[in-house]
Amino acid sequence: MPHSPNGSAFQEDLSTGPAGDPFKSGALDADVMVEKLKAASSQETLMTGTTQATWQVLAPRYSEAWFGLKGRVTATMIMTLLGPVGNAIGQLLAPIGTVRTSILILSIATTVIAPSALALGERPPTPPTFSGSKTSPPVFETIRRMSWRERGDFAILVWGFGVLDGVIVSLLTLVAQVYGPYGYDSSQSGFLGAALLISGIVAALITAPLFDRVLTHHLARTIQLVVPVLGGCWLGFIWAVGNHGLAASYGLLVVIGICSFTLLPVTLELGCEVTRNAELSGAMLWLSANAVGLFLVLISDVLKASASADPPYNLKKQLILHAAFALSITPLAMCIRGKQVRREMDEKEVARDSQTADRANREE
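Since the structure is predicted, the reported quantities are computational estimates derived from the model, not experimental observations.

Undergrad: Explain the packing of helix H6 (residues 148-179) against helix H10 (residues 278-298) to me, please; I cannot follow it from the model alone.
TA: Two packed helices can be described by the angle between their axes and the distance between those axes. Close contact between H6 and H10 brings their axes to 7 Å; oriented N to C, the two are set at 40°. As judged from the angle between their axes, H6 and H10 are oblique. Judged by the twist between their axes, the crossing of H6 over H10 is right-handed.

Structure follows, in structure tokens:
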């Protein structure tokens, strides 16, 4: 079972006082124990966060290297959604038995799955596309190759993706605190979060293949059409919480889930198209998402209402901030050109290879 690298020292510290002398009464000093537990928890949280960020960045590059023009968006979608699905499974397993039992179950599952990573290859023997055969250029070279319009598009995508993912992370983290002041328990709040996740996952599973095979050249147009709807939903969500029961909240969260999860792989792929560098674009987009989500969660305590508010300790200011962030994307999205340069290069190579094959067949 995984443990902290300083596990033995940690156990020794728990069995001794601050000065190193054993507790004669056999009881642990509460403050010392809490601080040690916080330190151990922080180490494991840091390791978990680092690992998750690594997998997030790898998804666009892996789909570029292994999948062709009719499968890249779907592959990116699947790898992107595995994170939320894994978190949901972990939350379902966590309440089983004691905390020790839950950790044991999750540790066994992780240990069983981990060796499968050794089977992953960097790229297939025959690259599916021209871009899949190339290595990602250095950061400064990528920026130098991009036009000013492409740099502007990418900056909009970075901010938009950060807001798109960050507000959802913030809401799902604080959903119990958002609805608690209005008399709803944690189970009811949890169902609202589940409605957002489930509707989003289903929508992504349906729409991603369409972007691979039907709407192949309309990634930017999709963002321009969906973002205003998303902003309107976050704006309406301010008044939906606590004023109209749960029906309005369910309806808005389902629409938010559908729009947001549909745009996740679209934005990731469009970032790769604009930069022609899947690794850089994936890293920047997820950096923005994690930074915005962290900021919104941390600032929630500052925005929480006082005990004299109606209702006490509500998070209405937090919801207003969510809406402001979401609405800030709308005018920016209208400015995106989003030329799919990478796809154009791949399609030209496919056409050239096809012409070469046809010419060879005629000569035979």
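Undergrad: Just checking my understanding: could you explain the pattern of salt bridges for this structure?
TA: Where charged atoms from two side chains of opposite charge approach closely, those side chains can pair. Going through the model one piece at a time under the given rule, you end up with eight salt bridges. Between Arg61 and Glu64 there is a salt bridge, with its nearest N and O atoms 2.3 Å apart. Here the residue Arg61 and the residue Glu64 both occupy positions in helix H2 (residues 30-66), the gap between them amounting to three residues, near one helical turn. A residue is classified by how much of its surface remains accessible, and Arg61, at 10% relative accessible area, is buried. Among the ionic pairs, Arg145 bridges to Glu141, the shortest N-O distance being 2.4 Å. Of this pair, Arg145 and Glu141 are both found in helix H5 (residues 139-145), four residues apart, which corresponds to roughly one turn of the helix. With relative accessibility at 51%, the residue Arg145 sits in the exposed group. Residues joined by salt bridges that share partners form a network here, namely Arg61, Glu64, Arg72, Glu269, Glu273 and Arg342.

What counts, and where the lines are drawn
Residues numbered from 1 in each chain as written. Predicted model: local features only at pLDDT ≥ 70, side-chain atom pairs only at ≥ 80, totals over all residues. Heavy atoms only, no water. Axes fitted to C-alpha atoms, helices over the stretch in contact; angles between N-to-C directions. Helix = DSSP H or I, 4+ residues; strand = E, 2+ residues; numbered from the N terminus. Parallel < 35°, antiparallel > 145°, perpendicular 65-115°, else oblique. Left-handed = near helix turned anticlockwise from the far one by under 90°. Salt bridge = Lys/Arg side-chain N within 4 Å of Asp/Glu carboxyl O. Buried < 20%, exposed > 50% of the residue type's maximum accessible area, 1.4 Å probe, protein only.

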